[in-house]
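An overview of the molecular structure
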Amino acid sequence: MGVMFNRTPEGLLDFRRFGGTKFHRTAFAGATTGQQLLYALDEQVRRFEVEGLVHKHEMWEFLGLVRDSDGNCRGIVALDCVSMRIEAFPAMSVMLATGGPGIVFGRSTNSVINTGTAASAAYQEGARYANGEFIQVHPTSIPASDKLRLMSESARGEGGRVWVPRARGDKRAPKSIPESERWYFLEEKYPAYGNLVPRDIATREIFQVCLMGYGVGGKREVYLDLTHIPRKELDIKLGGILEIYEKFVGEDPREVPMKVFPGMHYSMGGLWVDYAADPRHGTLDETSPRNQATNVPGLYAAGEVDYLYHGANRLGANSLVACLYAGKIGGPAMVRDGRDRGARLPPGDGAFAGAKKKWEMEFARLARLSGPENPHVIAEEMGDWMTDNVTVIRHDGKLAETDAKLQELAERWDRIGLSDRSSFANREISFVNQLRNMLVLARVMTRGAGRAPARGVPRRALQGARPREGGHGRKRASARRRELPQNDDRRAHRGWPADHLCGGEHVADSAAPAEVLRDRASQRLTGKLPPACPERSASTSAARTLRPPPLTGRSTSCPTDRARTSSRS
Amino acid sequence: MEVAKDPKTRDGRRTSPVVYDRACLEEVCGSCAMRVNGVARMACTALIDSLAQPVKLEPLAKFPVVRDLSVDRSSMFESLKRVKAWVPIDGTYDLGPGPRMAESERAYAYELSKCITCGNCLEVCPQVNDRSSFMGAAPISQVALFNRHPTGRMLAAERLDALMGEGGLDECGNAQNCVRACPKSIPLTTSIAEMFRATTAHGFRKLFGS
Ligand SMILES: Cc1cc2nc3c(=O)[nH]c(=O)nc-3n(C[C@H](O)[C@H](O)[C@H](O)COP(=O)(O)OP(=O)(O)OC[C@H]3O[C@@H](n4cnc5c(N)ncnc54)[C@H](O)[C@@H]3O)c2cc1C
Ligand code: FES
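This is a predicted model, so every value here is computed, not measured.

Now for the overall build of chain A. Within chain A one finds 16 helices and 17 strands. A burial count over chain A gives 59% of its 569 residues as buried. Of the contacts made within chain A by residues no fewer than 6 positions apart, 71% connect residues no fewer than 24 positions apart. Within the structure as shown, chain A displays about 22,000 Å² of accessible surface, and the carbon and sulfur contribution to it stands at 55%.

Right under this line is the structure:
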């Protein structure tokens, strides 16, 4: 499509490693591969526009579905963010490709448009939301007050080393700390993967090292060091991301080790979508209209907004592959589904006028909100609570508190005062609508994080946390789904059982969680507790045959054992 | 964010929050271009501490204003359509492995591919104004990019034709403001010079029918 990937001296595609991989398997375009892919897709859409194949409605915001009397999705209602006009759009089928919900966490590596509002709206209209709590926390982001900017894993892929001073609170400049006084904790604990352990492990280790007081200057930061790599090589392979660091921190990462900390990055969970197997081979039936279909007839989802493909933890670069693949099978499925279900509803059908009227009335109500609460304050509180309690460490008690807090925020939402009453390009009113949706999604995630079975074994997270590439993730997901009774009510817990977390640690015992953690971490670090078992549980054969733990009762077996057992079965 | 929590006018009266565009907050999407203290730049990388206070914000002047600091940059996207800024491929079947490419060539193309279509190069260009239809540096540099791509090259002649048409290269006044305003340090003037040469050669070729 025009993305010029880095080349080998022979002019062939060059490959690099990512976290959790032992092989150089990922093609890359400088240090901004995702960006380059995005631009290429944008260019192709422009081409289709010129050819008259695509009509873009830019600056329109999806508000909700149009459903006919049988519950079929027959179109959408959207808001023109400039004129503030609300319109219903008829369609044969609808696909949501509205991205992840990062902004529910206030600050994340996501763009500010990734609020999850569309997925939440669909969920509230009956679409299933699965594995909401499977949130990937990226081990290395650049902390800042407006956003957590991603320091791509490619920095570690190209040889970046993670370390902290061996002495707590060491105030010396990083360059003046001799090798012997640096603690390369990832390399030390995980010799096979070194700095390229999967994201969940890197995140947890960095988090714990900081909890133990080893963070740089006692703060929640560790060094990510590239200074041993020649400048020229860095500029060629990582230029883009190093520039970003330089621009926002004001230090040259080629000279001074970067300071990073984990940040919310990606949602593996999302709208539940189906797929169909070909009974002859058991592989995907590429012609089925079920592929990427949600449980609402006629509604599809693809991309980060769907829940498929990544299990509980996504590997680097797999999101874009999943997006492309979901689009590839979802597009034809939509066409087929539209044909199968017969002609679209005529635009004059009452369903459209009804849905449009509903949203017009809703926005008229929002426009009148005149209470004392400010939506941005509510959003900030939501983000802080979610980041503190539903990311790396998830404590049962705290989850319950967060759930209560979210309900309080939802009540306060009713008392919002709208600070912009203009009927033109009014961003506030659309934000207030999105905020309500975010609060709903936040609860889905929080309730999901607390679902049974209780996870007293922190390393539960390891199980299945290293899926194989796309295809196998899909298979596992569906296998799990079939084992679960399909529940039609709209509770938070749908999809497959949470037998694993996502870079997170679930603490079931409510007594002194911080101490317990710190103890556990220090025991592990000093070798009293066995290190988590990345090598073995990361082995793909084990991952493929993993079974979810029993749904009731507490499971105390170490995932290492389970992985071992299952790989024998 | 902080301002939106309690927006006030200079004399302390409550008002509505300022409308502005942004998405990525890290110079990827290109939507937050505006004039900060009179300089066209990306707002998301304008660190408040390093700016003269009070900070003066204005919308870009070369695009229609939507509201406050938000502008409509669609004219630039229309130009990209005119110069066919894409690689022509048929995605309906497997085309096999892509072409080989020298790493040095790829590395140069990468610099050009960093364009975020923010519009700053148009904003600072004296030739982009109400009386001209000049497309500005960004789309010209995109032609340099796509004419370099082994497959993109298939449309090279059509792109050069577009550059030779109205609003194209002829209207460049060589002020060289664009290259200084580019947040991604794209060698815009080098691209323009290269396209001048390419269009000249292309013109000759057309003239003599070879
Ligand atoms: C900093 C960063 C780096 C990453 N790097 C990589 C990488 O190297 N490799 C990899 O594989 N993955 C990477 N990822 C993950 C990957 O980029 C995303 O998962 C992927 O882009 C999601 O694509 P999408 O099309 O599903 O959603 P998005 O690209 O998020 O697009 C969603 C779109 O929907 C629009 N939208 C949302 N709500 C509405 C609404 N209500 N109405 C109308 N429109 C709406 C949004 O404006 C947006 O344009 C990275 C993510 C981040 C944040
Ligand atoms: S917000 Fe995307 S470039 Fe500034």
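Moving on to the interface of chain A and chain B. Contacts between chain A and chain B engage 48 residues on the former and 48 residues on the latter. Across the interface of chain A and chain B, roughly 4,200 Å² is buried in total on both sides, 55% from carbon and sulfur atoms. Here chain A is connected to chain B by seven salt bridges. Its salt-bridge partner being Lys5 of chain B, residue Glu380 of chain A comes within 2.7 Å of it at the nearest N-O pair. Run the count over chain A and chain B and you get 26 residue pairs in polar contact (both at pLDDT 80 or more). Of all the secondary structure elements, the ones that give two or more residues to the side of chain A that touches chain B are helix H1 (33-50), strand S9 (149-150), helix H6 (231-249), helix H9 (375-389) and helix H11 (427-449) of chain A. No other element matches H1 of chain A, which puts nine residues into the side of chain A that touches chain B. For the side of chain A that touches chain B, the per-class residue count stands at 18 nonpolar, 15 polar and 15 charged.

For the rest of this paragraph, the subject is the confidence of the model for chain A. Across chain A, the average pLDDT comes to 80, with 78% of residues at or above 70. Counting interchain partners and residues more than four positions distant, the pLDDT-below-50 stretch residues 507-569 of chain A has 113 contacts.

Residues and elements named next belong to chain A. Here six strands make up an open sheet; going across it, the order is S9-S8-S13-S12-S10-S11 and the pairing antiparallel. Across the chains shown, the open sheet's two edge strands, defined by having one partner strand only, are S9 and strand S11 (182-183). Sheet topology note: the strand S10 (residues 161-165)/strand S12 (residues 222-225) ladder contains three bridges and is antiparallel. Residue pairing across strands places Trp163 opposite Tyr223, the latter belonging to S12. Those strands touched by helix H5 (residues 199-211) are strand S8 (135-142), S10, S11, S12 and strand S13 (258-267), and its axis lies near 60° from that of S8.

Residue and element names in this part refer to chain B. Across the sheet, which stays open at both edges, the three strands sit in the order S2-S1-S3 with antiparallel pairing between neighbours. Two strands close off the open sheet at either side, each with one partner strand: strand S2 (39-42) and strand S3 (57-58). Both strand S1 (residues 33-36) and S3 contribute to a ladder of two bridges, which runs antiparallel. For Arg35, the partnering residue across the bridge sits in S3 and is Glu58.

Let's shift gears to the domain arrangement of chain B. A common way to express how large an interface is: the accessible area buried when the components associate. Residue and element names in this part refer to chain B. Domain boundaries in chain B define domain 1 (20-72) and domain 2 (73-210). Taken over C-alpha atoms, the centre of domain 1 sits 25 Å from the centre of domain 2. On the domain 2 side, the residues contacting the 16 residues of domain 1 number 16 residues. Taking both sides of the interface into account, the surface hidden between domain 1 and domain 2 amounts to around 1,300 Å²; carbon and sulfur atoms contribute 50%. For the domain 1 face of the interface with domain 2, the top three residues by lost area are Glu27, Lys62 and Phe63, together amounting to 44%. Salt-bridge contacts for Arg35 lead to Glu123; the nearest nitrogen and oxygen are separated by 2.6 Å. Ranked by residues supplied to the side of domain 1 that touches domain 2, first place goes to S2 with three residues. Split into classes, the residues belonging to the side of domain 1 that touches domain 2 amount to nine nonpolar, two polar and five charged.

Parameters at a glance
Residues numbered from 1 in each chain as written. Chains lettered and ligands numbered in written order. Predicted model: local features only at pLDDT ≥ 70, side-chain atom pairs only at ≥ 80, totals over all residues. Heavy atoms only, no water. Helix = DSSP H or I, 4+ residues; strand = E, 2+ residues; numbered from the N terminus. Buried < 20%, exposed > 50% of the residue type's maximum accessible area, 1.4 Å probe, protein only. Contact = heavy atoms within 4.5 Å. Areas by Shrake-Rupley, 256 points an atom, 1.4 Å probe, with all protein chains shown as cover. Buried area = accessible area lost by both parts, 1.4 Å probe. Salt bridge = Lys/Arg side-chain N within 4 Å of Asp/Glu carboxyl O. Polar contact = N/O pair within 3.5 Å; in protein donor to acceptor, adjacent residues only side chain to side chain. Nonpolar A, V, L, I, M, F, W, Y, C, P; charged D, E, K, R; others polar. pLDDT = per-residue confidence, 0-100. Pairing = 2+ DSSP bridges. Axes fitted to C-alpha atoms, helices over the stretch in contact; angles between N-to-C directions. Domains from an automatic or database assignment.

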